[in-house]
Structure formats: C-alpha cells, structure tokens
Amino acid sequence: MKITGNKSMSSFIKIILQILFVLGIISLFAIPIYLYMITTDSGIVLSLLGICTFSVIVSFFIIYFTAIPGIALIYQFIKLFDALKKNNPFVIENAIYLNRSSITGGIISLSYFIVAIILLCNSILLYGLCTLLMGIIFLVFTIGTYILSKIFKQAAEYKEENELTI
Amino acid sequence: MAIIVNLDVMLAKRKMPLNELADKVDITISNLSILKNNKGRAIRFSTLDKICNVLDCTPGDILEYVKD
C-alpha cells in the first residue's frame, strides 16, 4: 500500500482523523449537556457532591478542558496528512503543523501532570498513577513532535536550497 | 546578495534569447530565469561550464561580486 498520495495510508488516516475531529467537537458540547440532563433529572448532583471531593471535581474540569488542545492537535494532524496526501511532505508548513502539535501536546501533558498531583495528594492512587502515565506519554509525544518539527524544517530548507541550485 | 548574476547582460551582448541558451545548455527556461533574476541559491560548476562554453565567456563575465 502506498504511503503518500491518493488512496494511500495517509488519505486513510486523514479520514479517520476527520471522523475523530467531528466526534471530538460533538463530545465537547454533548458532555456538559448530558451531565446537566442527568443531574437535573434525578438529583444526582447531590450524591455526586457527596462522593466527589473538591479536588476530584477540579481534576474532572481540567481533564475536560484538555479536549480543546486535543481537538486542535487532531486538526493540525489533519492538515499534516493532507500535505502527505498531496505528495508534498517536506514543506515548511508541515514543520509549523508539527510545532503546533508539540505545543498542544505540551499543554495536555502539563494538565495531566497537574491532575496527577491533585489525585495523588488526595490518596487516589490508581487514577493518579494512570493520569501520571498519560502525562508521561504526552510528554514523550511533545518532545517527539518537537524534534520532528525541527527535522522537517531542516529538510524543507535543504529541499528549497536544492531546488534553487541551478 | 553580494554575488550578482549578469546573465542577461551576456545574453544581450551575444544577442541570444533565453530559450536558445536553455536549449543549448540543456537546462529548463524556468531554472535559467531563476538564475537570471538572481533568485538562485547556488550554481553547479557543470552548469557554469556549459553556459560559459555556449556564451564564449568566463565565469567572471557572468558572476560579479558587489561589496555590501
């Protein structure tokens, strides 16, 4: 199977990312509406407040808002795979998309670390460790995409120089 | 840039159009235009050799150094 171009792996992944992007936006708006509906319908809010401590609620909100950089991250990858679909990987725009991806990944990673600290400080060990693991995964992703963005930038510069050598 | 390409001057002196030079040195017109308009980053010795051979000149006639 082809890696770049039409009907290739890149175009297939781009479609998956577009579906994820739409689902992400729907989820972002649907979750608060759904929570509002179940809490007003059955008075669950009181029991939720009884079970959940303040720190858990804060953690929930932080994790919820990481969806925004998450969607932005998917959007950058859609643009990146679109360039791959057009058989044009080594352009400066791709380096910019990867750099933006690393920034959004960094925001998500930082958010997860904050949540992990909150949860671990409240002795919620299992969820705390899982969140810490997610934070580490996103940190590795951030560093990886940052390095890739620099490599892409260098490759784009070399390509441009090669094209302008007569 | 400090290096100026005077290809248009040499072409005018030899009364040769750009497309004829492109045909003779086997380079596309777009690449020669890049060179002529000082947009190029570098020039290969082989290209310079062909251009000098066709225009019957030296590299110094085509390239000029201007101090910034």
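Residues numbered from 1 in each chain as written. Chains lettered and ligands numbered in written order. Predicted model: local features only at pLDDT ≥ 70, side-chain atom pairs only at ≥ 80, totals over all residues. Heavy atoms only, no water.

## Focus on the overall build of chain A
Summing up its helical and strand segments, chain A has six helices and zero strands in all. Walking chain A from its N terminus toward its C terminus, one meets helices and strands in the order α-α-α-α-α-α. Taken over the C-alpha trace, chain A has a radius of gyration of 20 Å; the compact-globule value for 166 residues is 15 Å, which it surpasses by more than 25%. Over its C-alpha atoms, taken along the principal directions, chain A stretches across nearly 75 × 30 × 25 Å. Taking all 166 residues of chain A together, the buried fraction comes to 33%. Considering only contacts within chain A whose residues lie at least 6 apart along the sequence, 73% involve residues at least 24 apart. Accessible area of chain A: about 10500 Å², with a carbon and sulfur share of 76%. (Helix = DSSP H or I, 4+ residues; strand = E, 2+ residues; numbered from the N terminus. Rg over C-alpha atoms; globule rule 2.2 N^0.38 Å. Buried < 20%, exposed > 50% of the residue type's maximum accessible area, 1.4 Å probe, protein only. Contact = heavy atoms within 4.5 Å. Areas by Shrake-Rupley, 256 points an atom, 1.4 Å probe, with all protein chains shown as cover.)

## Quick look at helix α4 (residues 45-55) of chain B
Residue and element names in this part refer to chain B. Along α4, the residues classified as buried are T47, L48, I51, C52 and L55. In a view along the axis of α4, the buried residues occupy a sector of 130°, so they form one face of it. Away from its buried face, by an angle of more than 90 degrees, α4 presents the exposed residues F45, D49 and N53. Looking one or two residues beyond α4, the residue adopting positive phi is D56, at roughly 55°. (Arc of directions from axis to C-beta.)

## Points about the interface of chain B and chain A
Across the boundary between the two partners, chain B contributes 11 residues, which contact six residues of chain A. Note on chain B versus chain A: buried area summed over both sides is about 790 Å², and carbon and sulfur give 56% of it. Broken down residue by residue, the surface that chain B buries against chain A is led by R41, A42 and R44 of chain B, which jointly contribute 62%. In this structure, E160 of chain A engages R41 of chain B in a salt bridge whose closest nitrogen and oxygen atoms are separated by 3.2 Å. Here chain B is connected to chain A by five residue pairs in polar contact (both at pLDDT 80 or more). Looking at which element gives the most residues to the side of chain B that touches chain A, the answer is helix α3 (residues 29-36) of chain B, with three residues. Here the side of chain B that touches chain A is composed, by residue class, of five nonpolar, three polar and three charged. (Buried area = accessible area lost by both parts, 1.4 Å probe. Salt bridge = Lys/Arg side-chain N within 4 Å of Asp/Glu carboxyl O. Polar contact = N/O pair within 3.5 Å; in protein donor to acceptor, adjacent residues only side chain to side chain. Nonpolar A, V, L, I, M, F, W, Y, C, P; charged D, E, K, R; others polar.)

## Remarks on the pattern of salt bridges
Side-chain pairs of opposite charge can arise whenever the charged atoms involved come near each other. Residues and elements named next belong to chain B. Taken as a whole and judged by the stated rule, the model has five salt bridges over all chains. One salt bridge connects E20 with K24, and the closest N-O pair in it is separated by 2.9 Å. Of this pair, E20 and K24 are both found in helix α2 (residues 18-25), four residues apart, which corresponds to roughly one turn of the helix.

## Here's the deal with the nonpolar core
Generally speaking, a soluble globular protein has its nonpolar side chains buried in company with each other. Core analysis: the largest hydrophobic core is formed by 19 residues, its most contacted members being L7, L21, L32, I51, L55 and I62 of chain B. Looking at this core, the elements with two or more residues in it are α1 (7-14), α2, α3 and α4 of chain B. Counting residues in hydrophobic clusters, the runner-up holds 15 residues, among them L73, I74, A95 and I108 of chain A. (Core = buried A, V, L, I, M, F, W, Y, C linked by side-chain atoms within 4.5 Å.)

## With respect to α1 of chain B
All names here are of chain B. For α1, the full list of buried residues reads L7, M10 and L11. Taken end-on, α1 shows its buried residues confined to a sector of 100°, consistent with a single buried face. Facing away from the buried side of α1 by over 90 degrees, the exposed positions are A12 and K13. In this fold, the buried residues of α1 make contact with β1 (3-5), α2, α3, α4 and α5 (59-62).

## Observations concerning unusual backbone geometry
Residues and elements named next belong to chain B. Positive phi, normally seen in glycine, also occurs at D26, with a value near 60°. On the secondary structure map, D26 appears in the loop between α2 and α3. D26 gets classed as exposed once you look at its relative accessible area, which sits at 66%.

## Considerations on the side chain of S10 of chain A
Residue and element names in this part refer to chain A. As for its position among the elements, S10 is in helix α1 (residues 9-42). S10 gets classed as buried once you look at its relative accessible area, which sits at 3%. Ignoring sequence-local partners within four residues, the contact set of S10 consists of I3, T4, F81, L84 and K85.

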